[in-house]
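Per-entry structural report
If you want the building blocks of each chain, they are given just below.
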Amino acid sequence: MTSKTRVVVIGAGLAGVRLARRLGELGTPALLVGDEEHPPYNRVLLAEVLAGRYAPEVIALPAPGGHVRTRITGIDRAARRLHRADGSPIAYDTLVLATGSNPVLPPLRGLFTPGRQLPEGIHAFRTMDDCLGLSKAVRPGVRAVVVGGGLLGVSAARALAVRGAQVVLAQQGERLMERQLDPNASRLVLRHLKDLGVEVHTECRVRDVRSVGGAVRSVELADGYALDADVVVLACGVRPRTGLAEQAGLAVHKGILVDDELRTCDPHIHAIGDCAQHDGTLYGLAAPALEQADALAELLAGDPNARYTGTRSLTRLTLTGPGSPFDLAAFGETEARPGDDVVQLTDATRGTYRKVVVRDDRLVGGVLVGELGTVGALARAWEGAEPLPSDGPLLHLLTNDGGS
């Protein structure tokens with residue numbers, strides 16, 4: 001590549017790797033720049049590595065042709081070059097920011113040592129290093145506290161329990177995975193975790209972590225109740241990684257602002273994935289990141305009509321381990337408004353639950369726990385946003401297991 005045609009992608013996660021690979025396939029090779037020492041990997045599957053189901057190399061992503069491991073420290077927009085911590089500048093013609101997100105560290109007393117380091121035993125759960133550090137710390141009987149009951153917290157608690165840890169999950173909200181699931185589905189997730197021996201506390205706030213000799217010993221809740229802990233996992237959400245963009249003077253709100261061409265306020269710089277905010281939306285999920293990468297690859301490879309207009313994303317989680325897998329999927333609006341039609345099927349014995357919400361003859365959301373054979377048909381009906389036929393299709397959609 002010459003500097004005139006060089007596309008440089010910062011970030012070797014799902015979005016960055018997908019973009020670099022697609023550009024290579026389309027005859028527009030890109031230089032992929034990542035700052036982790038590990039080969040690119042699928043972050044979505046880190047919980048499976050923690051659970052011991054997969055070795056780290058199993059979740060590696062097929063590497064594109066050009067990949068450099070280095071930390072970018074700044075963007076010179078006027079000269080179109082990147083400054084890096086360990087070498088000469090990197091020139092670009094088109095730059096793509098796929099910098100992802102950072103874990104949110106809650107403002108807890110005692111969270112940091114005087115050197116701003118996390119005490120021994122306290123882990124975020126975002127990177128391969130986080131995962132490998134947790135894996136070394138976990139053994140049967142270890143007392144583990146997971147702070148956060150969202151998608152990541154539930155996955156981490158499940159993985160730790162499978163490894164034999166004594167797990168307590170502390171969730172500030174009223175129920176587990178409240179952003180994705182309705183109350184009935186949340187109760188099934190709660191039952192599943194309890195069946196694994198996980199102790200779950202909801203509507204509780206963690207206010208303090210206590211360490212002795214630089215190692216964590218307990219977690220204190222706001223009501224004064226203390227949880228003994230050898231390991232603490234912070235699963236409190238993520239925040240878009242926008243530091244480079246802000247330093248370069250790009251427009252940033254919650255994420256890096258992009259248009260339908262995934263272009264920032266600088267026509268030579270684009271952004272995709274967790275760090276990008278499109279039409280007011282931060283997705284933070286794999287499916288939108290991959291769709292953005294595909295759309296941008298087509299655009300940069302010369303398709304003038306390529307655009308990204310948003311993703312109707314489906315959240316899916318499979319919790320594996322002893323016994324049968326526990327599957328769930330959620331999409332759209334899982335809570336009904338007044339006037340909506342709701343169809344639910346529940347099988348308490350098998351632990352399955354299916355629900356769809358219909359508004360103005362259109363499927364606007366749904367949640368499934370247990371058997372997901374119908375999720376494909378339901379997702380297609382939702383994504384199409386077309387009026388449903390009038391001959392009673394909902395029961396068919398909920399019960400037709402050939403729809404996946």
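Before reading on, note that the structure itself is shown above.
Predicted model only: the values in this text are computed from it and were never measured. (Residues numbered from 1 in each chain as written. Predicted model: local features only at pLDDT ≥ 70, side-chain atom pairs only at ≥ 80, totals over all residues. Heavy atoms only, no water.)

**Some points on the state of the cysteines**
Per the stated rule, a full pass over the model turns up zero disulfides. As a non-bridged cysteine, C204 has C236 as the owner of its nearest cysteine sulfur, 11 Å distant. By relative accessible area, which is 13% here, C204 ends up buried. Accessibility expressed as a relative area gives 29% for C236, which makes it partly exposed. (Disulfide = S-S within 2.5 Å. Buried < 20%, exposed > 50% of the residue type's maximum accessible area, 1.4 Å probe, protein only.)

**Quick look at the sheet that holds strand β5 (residues 81-84)**
Reading across from one edge, β4-β5-β6 is the order of the three strands in this open sheet, with antiparallel pairing throughout. Edge positions in the open sheet fall to β4 (72-76) and β6 (87-91), since each of these has one partner strand only. Taken pair by pair, the neighbouring strands of this sheet meet at an average axis angle of 25 degrees, ignoring direction. The sheet contact formed by β5 and β6 spans three bridges and is antiparallel. (Pairing = 2+ DSSP bridges. Helix = DSSP H or I, 4+ residues; strand = E, 2+ residues; numbered from the N terminus. Axes fitted to C-alpha atoms, helices over the stretch in contact; angles between N-to-C directions.)

**What to know about the sheet that holds strand β7 (residues 94-97)**
Sheet architecture is open: five strands sit in the order β3-β2-β1-β7-β19, paired in parallel fashion. Edge strands, defined here as strands with exactly one partner in the open sheet, are β3 (66-69) and β19 (269-271). On average, adjacent strands in this sheet sit at an angle of 20 degrees to one another, irrespective of strand direction. Sheet analysis places strand β1 (residues 7-10) next to strand β2 (residues 30-34), joined by four bridges and oriented parallel. For V9, the partnering residue across the bridge sits in β2 and is L32. Against the sheet, helix α1 (residues 14-25) engages β1, β2 and β7, with an angle of about 165 degrees to β2. (Contact = heavy atoms within 4.5 Å.)

**Observations regarding the side chain of T315**
Among the structural elements, T315 can be located in strand β21 (residues 314-319). For T315, a relative accessible area of 9% puts it in the buried group. Those residues in contact with T315 that lie beyond four places of it in its chain are L151, Q180, L285, L328, A329 and A330.

**Quick notes on the packing of α1 against helix α7 (residues 286-300)**
Running from amino to carboxyl end, α1 crosses α7 at an angle of 30 degrees, the nearest separation of the two axes being 8 Å. Considered as vectors, α1 and α7 are oriented roughly parallel to each other. Of the two possible hands of crossing, α1 and α7 adopt the one that is right-handed. For the pair α1 and α7, the contacting residues are L14, A15, R18, L19, R22 and L23 in the first and A286, A289, L290, A293, D294, L296, A297, E298 and L300 in the second. Looking at the contact of α1 with α7 residue by residue, the classes come out as eleven nonpolar, no polar and four charged. (Parallel < 35°, antiparallel > 145°, perpendicular 65-115°, else oblique. Left-handed = near helix turned anticlockwise from the far one by under 90°. Nonpolar A, V, L, I, M, F, W, Y, C, P; charged D, E, K, R; others polar.)

**With respect to the packing of aromatic side chains**
Tallied over the entire structure, the rule returns two aromatic pairs. Arranged with centres 6.5 Å apart and planes meeting at 80 degrees, the rings of Y283 and Y308 form a pair that is edge-to-face. Taken together, the residues Y283 in the loop between β20 (276-278) and α7 and Y308 in the loop between α7 and β21 connect sequence positions 25 residues apart. (Phe/Tyr/Trp six-rings, centres within 6.5 Å; stacked < 30°, edge-to-face > 60°.)

**Details of the pairing of β2**
Taken across its five residues, β2 has five buried, putting it largely inside the fold. Where burial is concerned, the two faces of β2 agree: the one with A30, L32 and G34 and the one with L31 and V33 are both buried. Tracing the backbone out of β1, into α1 and back to the parallel element β2 gives a crossover that is right-handed. Note: β2 against β3, four bridges, orientation parallel. Its bridge partner lying in β3, L32 is registered against H67. (Right-handed = clockwise from strand over helix to strand, strands pointing away.)

**A word on the pairing of β7**
What you see with β7 is no split at all: T94 and V96 on one side and L95 and L97 on the other are buried throughout. In this sheet, β7 lies alongside β1 in parallel orientation, the contact comprising four bridges. Bridge pairing links V9 to V96 in β7. For β7 and β19, the ladder comprises three bridges, and the chain directions are parallel. The residue bridging L97 from the neighbouring strand is A271, located in β19.

**Some thoughts on the side chain of T99**
Structurally, T99 can be placed in the loop between β7 and β8 (101-103). Ignoring sequence-local partners within four residues, the contact set of T99 consists of I10, R241 and C275.

**A word on unusual backbone geometry**
If you check the backbone angles, D279 has positive phi at about 50 degrees while not being a glycine. Note that D279 resides in the loop between β20 and α7. We note that D360 has phi near 50 degrees; this positive angle belongs to a residue other than glycine. Mapped onto the secondary structure, D360 falls in the loop between β24 (352-359) and β25 (362-369).

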